[in-house]
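Okay, here's what each chain looks like letter by letter:
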Amino acid sequence: MYDYVKGTLKEKVPSYCVLDVGGLGYLIFISSSTFARLPTEGEDLLVYTTLIVREDAHLLYGFFTKQERSLFLLLRGVSGIGPKTALALVGHLDLPLFQTAVQDEKPEVLAKVPGIGKKTASRIVVEMRDKLDILNTLRQEASLESVDTISFDAIAALVHLGYAQQAAKKAVEKVRKNHDALGTLIPAALQIL
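Going along each chain's sequence as written, the residues are numbered from 1 onward. This being a predicted model, a pLDDT of at least 70 is required before a residue's local features are given, and a value of 80 or more before pairs of side-chain atoms are given or counted; all residues contribute to the totals for chains, interfaces and linings. As a rule here, side-chain values come from all non-hydrogen atoms in the structure, and water together with hydrogens is ignored.

Asker: Got a minute to help me understand the overall build of the protein in this structure?
Answerer: The numbering of helices and of strands both runs from the N terminus, where a helix is a DSSP run of H or I of at least 4 residues and a strand a run of E of at least 2. Of the regular secondary structure elements, the protein holds nine helices and five strands. The helix and strand sequence of the protein, counted from the amino end, reads β-β-β-α-β-β-α-α-α-α-α-α-α-α. Expected size for 193 residues packed as a compact globule is a radius of gyration near 16 Å; at 18 Å, the protein falls within 12% of this value. Referenced to the eigenvectors of the C-alpha coordinate spread, the extents of the protein come out at roughly 50 × 40 × 25 Å. Each residue is placed in one exposure class: buried if its accessible area under a 1.4 Å probe, protein chains only, is under 20% of its type's maximum, exposed if it is over 50%, and partly exposed if it falls in between. Across the 193 residues in the protein, those meeting the buried criterion constitute 41%. A separation of at least 24 residues holds for 53% of the contacts in the protein among residues at least 6 apart in sequence. Surface accessibility of the protein: about 10600 Å² in total, with carbon and sulfur atoms responsible for 53%. Here Asp and Glu are counted as negative and Lys and Arg as positive; His is not counted, and neither are the chain ends. Taken as the charge location is NZ of Lys, CZ of Arg, CG of Asp or CD of Glu. Of the charged side chains in the protein, 22 are positive and 22 negative, and the gap between their average positions amounts to 2 Å. Radius of gyration means the value over C-alpha atoms here, while the globule rule gives 2.2 Å times the residue count to the 0.38 power. What makes two residues a contact is simply this: any of their non-hydrogen atoms within 4.5 Å. Note on areas: Shrake-Rupley with a 1.4 Å probe; residue coverage comes only from the protein chains shown.

So this is what it looks like as structure tokens:
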């Protein structure tokens with residue numbers, strides 16, 4: 001299995017991206033949440049991946065965080081859930097919301113995801129109930145990594161506003177320790193730029 005792919009983002013569309021790694025282009029299927037966090041084309045990117053081998057194809061799926069990938073793999077273990085359905089769930093529900101839906105036995109939350117019916121949502125809740133400890137561990141890991149995610153998102157937002165990546169990174173690093181939320185971090189970094 002490929003743990004991650006790191007390269008230059010050559011193309012991005014809502015369902016996949018292409019990373020150039022030493023002249024070799026990797027087509028990687030992504031969730032909508034990963035797509036929303038991708039940098040502009042031409043920038044470097046690291047995507048956590050999993051390879052699914054089928055009789056007719058080898059498909060690479062990519063995620064912005066290790067926790068999203070772990071949730072995807074857990075969902076693939078639910079009977080009747082294929083990669084597209086698992087990717088849709090990961091893309092539309094963040095880990096805390098998914099965990100709460102399973103813990104509180106609310107399949108209607110999962111049924112709001114396009115392509116997920118009431119029966120499928122109920123089956124997911126039933127089969128994931130005994131994996132609540134794993135979900136809790138993933139959630140704790142995600143909260144520990146959120147600091148890096150907030151900085152990354154702030155830098156990406158500043159780059160999209162037209163600032164150079166290096167300047168945006170320096171500005172975010174200067175003000176990061178005083179700001180825990182993206183909504184306050186970006187304006188503080190803008191004051192420096």
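Asker: Sorry, what's going on with the pattern of salt bridges here?
Answerer: Pairs may arise between side chains of opposite charge once their charged atoms sit close together. In the sections that follow, a salt bridge refers to a side-chain nitrogen of Lys or Arg positioned within 4 Å of a carboxyl oxygen of Asp or Glu. One pass over the full model with this rule turns up four salt bridges. Close ionic contact of aspartate 3 with arginine 69 constitutes a salt bridge, the shortest N to O distance being 3.0 Å. In this pair, aspartate 3 sits in the segment before β1 (4-13) while arginine 69 sits in helix α2 (residues 66-76), placing the two residues 66 residues apart along the sequence. Given the relative accessible area of 36%, aspartate 3 is considered partly exposed.

Asker: Where do I start with the environment of serine 79 in this structure?
Answerer: Along the chain, serine 79 turns up in the loop between α2 and α3 (83-92). For serine 79, a relative accessible area of 39% gives the class partly exposed. Between the alpha carbons of serine 79 and glutamate 127 there is a distance of 8.4 Å; along the sequence they are 48 residues apart. Residue contacts for serine 79: discarding those within four places in its chain leaves Arg123 and Glu127. Here glutamate 127 takes part through its side chain, which lies 2.7 Å from a polar atom of the side chain of serine 79. Residues adjacent in sequence count toward polar contacts only when both atoms are side-chain atoms; beyond that, a polar contact is any pair of N or O atoms within 3.5 Å, and within protein one must be able to donate a hydrogen and the other to accept it.

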